Amino acid sequence: MGVKHNLGIPALKQIPHQLARPLAIFKSTSKGLVCVTEWVDVNGQPVIIPIHLNEAGAIELENKIPSAYGREIEAILGPNNDNVLWTRNNEDSVLE
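Scoring rules and cut-offs
- Residues numbered from 1 in each chain as written.
- Predicted model: local features only at pLDDT ≥ 70, side-chain atom pairs only at ≥ 80, totals over all residues.
- Heavy atoms only, no water.
- Core = buried A, V, L, I, M, F, W, Y, C linked by side-chain atoms within 4.5 Å.
- Buried < 20%, exposed > 50% of the residue type's maximum accessible area, 1.4 Å probe, protein only.
- Helix = DSSP H or I, 4+ residues; strand = E, 2+ residues; numbered from the N terminus.
- Contact = heavy atoms within 4.5 Å.
- Pairing = 2+ DSSP bridges.

**Q** Which residues make up the nonpolar core, and what are the values?
**A** With 9 residues, the main nonpolar core is built from Ala24, Phe26, Val34, Val36, Ile48, Tyr69, Ile73, Ile76 and Leu77. Of all the elements in the fold, those that place two or more residues in this core are β1 (24–27), β2 (33–40) and α3 (74–77). Other than its neighbours up to four places away in sequence, Val36 contacts Pro22, Leu23, Ala24, Phe26, Pro46, Val47, Ile48 and Ile73. Ranked by size, the runner-up nonpolar core spans 6 residues in total, among them Ala11, Ile15, Ile49 and Ala68.

**Q** Tell me about the pairing of β1, and please be specific about residues and values.
**A** Covered by surrounding structure in β1 are Ala24 and Phe26 only, the residues Ile25 and Lys27 on the alternate face being uncovered. As judged from the 4 bridges shared by β1 and β2, these two strands associate in the antiparallel manner. Its bridge partner lying in β2, Lys27 is registered against Leu33. The hairpin turn running from β1 into β2, its antiparallel successor, is 5 residues long, and Lys31 in that turn takes a positive phi close to 65 degrees. Of the strand pairs in this sheet, β1 and strand β5 (residues 84–87) are connected by 3 bridges, and their pairing is antiparallel. Within β5, the residue paired with Phe26 across the bridge is Val84.

In structure tokens, the structure reads:
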């Protein structure tokens, strides 16, 4: 059994920087948000950072970041890219 979310300590220390300048932000199927980072994993997949919001769905300091891992983002885009909330510079190429 391999380790699915193993980014390493140096990458984990960079999570605040990646969250400050994400490539895109999506609605999550779990009532949270998903940030697409500038990173890619060893398979060339974009690294995403899910963010669990509070019970009211609001952003606050106590939000949880359960993991960071590479994933094909097509699966979370939604029909007609409906789950896309924001992209850096409104660039559609971020999602291709």
